[in-house]
Amino acid sequence: MLEKPRVSDLSTSVMITRRDDISLDIFYDYWSDIHGVLAARAEGAFEYFQHRLGTPIDGFLQGSSSIDQTPSAGDAIVGLAEITFETSADREKLIRSAAVGQMVLDEQNVLKGTYMYSTGPGNAATIVDRTIDRAPQGPTGDYQVLVFLRRAESAPATEFRAFVRDTLMTTISEGTNVLKARLHLLEAYDAAAWPTPNVDHQRTISQQYDAYIELAFDSAANARRFTGSVRMAQTIFEAARLIAAATTYPDEIYTMVFGGRPTQAGLRGLSAFRTLRAINEPENERSKPLLNVLFGDAVLEPLS
């Protein structure tokens, strides 16, 4: 039987590009330590993960040359914010929160574009998770990727979703080399859903996606071994009539909110978190009384 770990099945995902005049290092520092700390204060979020995406991997999925695996022109996504919710009411609470009101104004400082997608109830699901750290703060030693899928124009949405959920995810989750498989079936993209000022929200058809899959393996070699397996190759061959494109990015995950409360990184920023970790996280700096003095009751126990 497949493992069913505790993870919310309702999510919002925001794909992110950076301003041309902002270096990647400065962008990531700002996204985590300034914008991310602000976002971690928003009410309603059950989990908030920042995915830092590397250079796209050409040909990650083997078995079909009919699926386009090259990123679309202008689709220079460098990050994805994944926010999960326990209920639809919690998602509405986040949208109305004071923190989000300030986030909207803050995005233009370093973000060039933000492209928000939502999932309906039950359409964000972790199928299997054998990873050790459920609230990672950067590299864990596992090989992690995000695979963004675009539906073929001739394929009915219901058939695409059924294939991805029932066939593709079953093949993936039953692979012996797969440590984690998490699926997001996305609602149709709406450029007006997140209308932040001075930030781009326009996506061409070739830059839009209908699903994405988070995968983890213990090594890049085993990831390649799995995608080249007979069963996976056969599944990808079958998928070609439904999937037009699959863009794969290396993924590095940082956890800003977990279990409904900010983590140490979400409270303090990654720079402070790394400093504390470098000196073995002194006990007093992890204590609830000290953190209450600094941040009030917005503290996760135990801190991850």
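Keep in mind the model is a prediction, meaning the values are calculated, not measured.

A. Layout of the pattern of salt bridges. Tallied over the entire structure, the rule returns 10 salt bridges. For R134, the salt bridge is made with D129, and the minimal N-O distance between the two is 3.3 Å. The exposure class assigned to R134 is partly exposed, which follows from its relative accessible area of 34%. Of the residues examined, D129 reaches a relative accessible area of 3% and is grouped as buried. Among the ionic pairs, R231 bridges to E174, the shortest N-O distance being 2.9 Å. Placement of the pair is R231 in helix α6 (residues 230–239) and E174 in the loop between α4 (157–173) and β7 (178–185), with a sequence separation of 57 residues. The class for R231 is partly exposed, based on a relative accessible area of 43%. A relative accessible area of 45% means that E174 is categorised as partly exposed.

B. Structural detail: the packing of helix α1 (residues 24–39) against helix α3 (residues 98–106). Where α1 contacts α3, the two axes come as close as 8 Å, and the packing angle between them is 150 degrees. Relative to α3, α1 is oriented roughly antiparallel. Across the interface between the two elements, Y30, H35, L38 and A39 from α1 touch A99, Q102, M103 and D106 from α3. Grouping the amino acids of the contact of α1 with α3 by side-chain chemistry returns 5 nonpolar, 2 polar and 1 charged.

C. A look at the nonpolar core. Counting residues in each nonpolar core, the largest one holds 32 residues, and the members touching the most others are F60, V147, L149, L168, I172, I213 and L215. Secondary structure elements with two or more residues in this core: β5 (124–129), β6 (143–151), α4, β7, β8 (211–217), α5 (220–227), α6 and β9 (243–258). Among the elements that take part in this core, α4 stands out by supplying 6 residues, more than any other. Ignoring any residue separated from it by four or fewer positions in sequence, one finds L215 in contact with F60, Y143, Q144, V145, V147, I172, K180 and A181. Membership of the second largest hydrophobic core comes to 31 residues, among which are V14, I22, Y28 and A99.

D. Representation of the environment of N177 within the structure. Within the secondary structure, N177 is located in the loop between α4 and β7. Separated by 41 residues in sequence, N177 and D218 have C-alpha atoms that sit 7.3 Å apart. Not counting residues within four places of it along the chain, the set of residues in contact with N177 comprises A216, F217, D218, N222, R225 and F226.

E. Structural context of the packing of α4 against α6. Packing of α4 against α6 brings their axes to within 9 Å, and their N-to-C directions diverge by 160 degrees. Between α4 and α6, the angle is such that the two are roughly antiparallel. α4 and α6 meet at a crossing whose hand is left-handed. Residues F163, T167, L168, T170, T171 and I172 of α4 form the contact with α6, whose participating residues are R231, M232, T235, I236, E238 and A239. Of the residues that constitute the contact of α4 with α6, the class distribution is 6 nonpolar, 4 polar and 2 charged.

F. Structural context of the side chain of T263. Along the polypeptide, T263 turns up in the loop between β10 (261–262) and α7 (264–268). Looking at T263, its side chain comes within polar contact range of the main-chain oxygen of T255, at 2.7 Å.

G. Representation of the environment of I205 in the model. Along the polypeptide, I205 turns up in the loop between β7 and β8. Given a relative accessible area of 53%, I205 falls into the exposed group. Each C-alpha atom of the pair I205 and R150 lies 9.0 Å from the other, and the pair is 55 residues apart in sequence. If near-sequence neighbours (up to four positions away) are discounted, I205 is found in contact with R150 and E153.

Parameters and conventions
- Residues numbered from 1 in each chain as written.
- Predicted model: local features only at pLDDT ≥ 70, side-chain atom pairs only at ≥ 80, totals over all residues.
- Heavy atoms only, no water.
- Salt bridge = Lys/Arg side-chain N within 4 Å of Asp/Glu carboxyl O.
- Buried < 20%, exposed > 50% of the residue type's maximum accessible area, 1.4 Å probe, protein only.
- Helix = DSSP H or I, 4+ residues; strand = E, 2+ residues; numbered from the N terminus.
- Axes fitted to C-alpha atoms, helices over the stretch in contact; angles between N-to-C directions.
- Parallel < 35°, antiparallel > 145°, perpendicular 65-115°, else oblique.
- Contact = heavy atoms within 4.5 Å.
- Nonpolar A, V, L, I, M, F, W, Y, C, P; charged D, E, K, R; others polar.
- Core = buried A, V, L, I, M, F, W, Y, C linked by side-chain atoms within 4.5 Å.
- Left-handed = near helix turned anticlockwise from the far one by under 90°.
- Polar contact = N/O pair within 3.5 Å; in protein donor to acceptor, adjacent residues only side chain to side chain.

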